[in-house]
Amino acid sequence: MKYFVPSETYQKISDISLDYLINDKKIKGLIFDFDGTLSIRKKISIETLNFIKKSKERGLKISVLSNNIHLSKALIKILSINTIKKFAFKPLKQPFLKMAKRMKLPPQKIAVIGNNRISDILGANRAGMYSIYIQNMNSFLYKRKISKNLKHIGIKHID
Ligand SMILES: [Mg+2]
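A brief report on the enclosed structure follows. (Residues numbered from 1 in each chain as written. Predicted model: local features only at pLDDT ≥ 70, side-chain atom pairs only at ≥ 80, totals over all residues.)

**Some thoughts on the overall build of the protein chain**
Stated formally: For helices the rule is a DSSP run of H or I covering at least 4 residues; for strands it is a run of E covering at least 2, with both sets numbered from the N terminus onward. Using C-alpha atoms as the atom set, the radius of gyration is obtained and then compared with a globule rule of 2.2 Å times the number of residues to the power 0.38. Here exposure depends only on C-beta density: within 10 Å of a residue's C-beta, 20 or more other C-beta atoms make it buried, 12 or fewer make it exposed, and intermediate numbers make it partly exposed, the C-beta atoms being placed from the backbone. Any residue pair is listed as a contact if its two C-beta atoms, each placed from the backbone, are within 7 Å.
Each helix and strand counted, the protein chain has 6 helices and 6 strands in total. Listed N to C, the secondary structure of the protein chain is β-α-β-α-β-α-β-α-β-α-β-α in terms of helices and strands. Its C-alpha atoms give the protein chain a radius of gyration of 16 Å, near enough to 15 Å, the size a compact globule of 159 residues would have. Along the longest, intermediate and shortest principal axes, the C-alpha atoms of the protein chain span 50 × 35 × 30 Å. Within the protein chain, the proportion of its 159 residues that are buried is 32%. Residue pairs in contact within the protein chain that sit at least 24 positions apart in sequence constitute 63% of those at least 6 positions apart.

Put into structure tokens, the structure is as follows:
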């Protein structure tokens, strides 16, 4: 069960402390999930773009690992990330370890950032990487899950 537990949890990417990751955890690279993490409802927020920019300025290597077959070329271009693997078969360990090789970093120096506890967090933990779970409170799936639970206690609707 411990494999499902992330090292850290945040509501959005921009809440992540780069100082903590770099200085305390000795992280040298970030592997991002795409859908629901970098791109939320097919949009990339200014805060996320700034975070990527700051990470690059601090010398972190950045990549995208996605299970999706199609990634929007336009969005990838906006992010200017060149190390990308789509159709990755997360949570298998292999795609994470292969990406570590491409980034020329040992798995322990990499933090995986994703919004799925299975494909991203379980996969990262099994690969020996630091795992950061993005629990996007505004996502459609999250709201659906919450409203289901609220219905049980008599609350019918949330915005
Ligand atoms: Mg995702």
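There is more to say after this.
**Thoughts on the nonpolar core**
Here is a general trend for soluble globular proteins: nonpolar side chains tend to be buried in one another's company. We apply this condition: In this description, a nonpolar core means buried residues of the types Ala, Val, Leu, Ile, Met, Phe, Trp, Tyr and Cys, linked to one another by C-beta atoms lying within 7 Å.
Counting 31 residues, the largest nonpolar core has Ile31, Phe96, Ile110, Ala111, Val112, Ile113 and Met129 as its most contacted members. Residue assignment for this core shows that the elements contributing at least two residues are strand S2 (29-32), helix H2 (46-57), strand S3 (61-65), helix H4 (93-102), strand S5 (110-114), helix H5 (117-126) and strand S6 (130-134). Other than its neighbours up to four places away in sequence, Ile31 contacts Ser63, Leu65, Phe96, Met99, Ile110 and Val112.

**A few points about H2**
Heads up, the rule is: Every helix has an expected span of 1.5 Å times one less than the residues it contains. Each direction from the helix axis to a C-beta atom contributes to the arc, which is the arc of those directions.
Look at H2: 16 Å from first C-alpha to last across 12 residues, which is about the 16 Å you get at 1.5 Å a residue. Those residues of H2 lying buried are Thr48, Phe51, Ile52 and Ser55. Looking down the long axis of H2, one finds its buried residues gathered within 100 degrees of arc, a one-sided arrangement. Along H2, exposed side chains directed more than 90 degrees from the buried face belong to Ile46, Asn50, Lys53, Lys54 and Glu57. On its buried face, H2 sits against helix H1 (18-24), S2, S3 and helix H3 (73-79). Backbone geometry just downstream of H2 places Gly59 in the positive-phi region, at approximately 90 degrees.

**A short note on the environment of Glu47**
By the element assignment, Glu47 lies in helix H2. Under the C-beta neighbour-count criterion, Glu47 is labelled exposed, with 12 such atoms within 10 Å. Sequence separation of Glu47 and Ile155 is 108 residues, and the distance between their C-alpha atoms is 33 Å. Contacts of Glu47, omitting those with residues within four sequence positions, involve Lys12, Ile13 and Ser14.

**Overview of the sheet that holds strand S4 (residues 83-85)**
Convention followed: Only strands that DSSP links by at least two bridges are regarded as paired with each other. For helices, the fitted line uses only the C-alpha atoms of the stretch in contact; every axis is such a line through C-alpha atoms, and the angle between N-to-C directions lies from 0 to 180 degrees.
Spatially, 6 strands are ordered S1-S6-S5-S2-S3-S4 in an open sheet, and the strand pairing comes out parallel. The open sheet terminates on both sides in strands that have one partner only, identified here as strand S1 (8-10) and S4. Between one strand axis and the next, the sheet turns through 20 degrees on average, direction left out of account. Looking at chain direction, S5 and S6 are connected through 4 bridges and run parallel. Counted as the bridge partner of Ala111 is Tyr130 from S6. Contacts from H4 reach S2, S3, S4 and S5 within the one sheet, and its direction differs from that of S3 by about 150 degrees.

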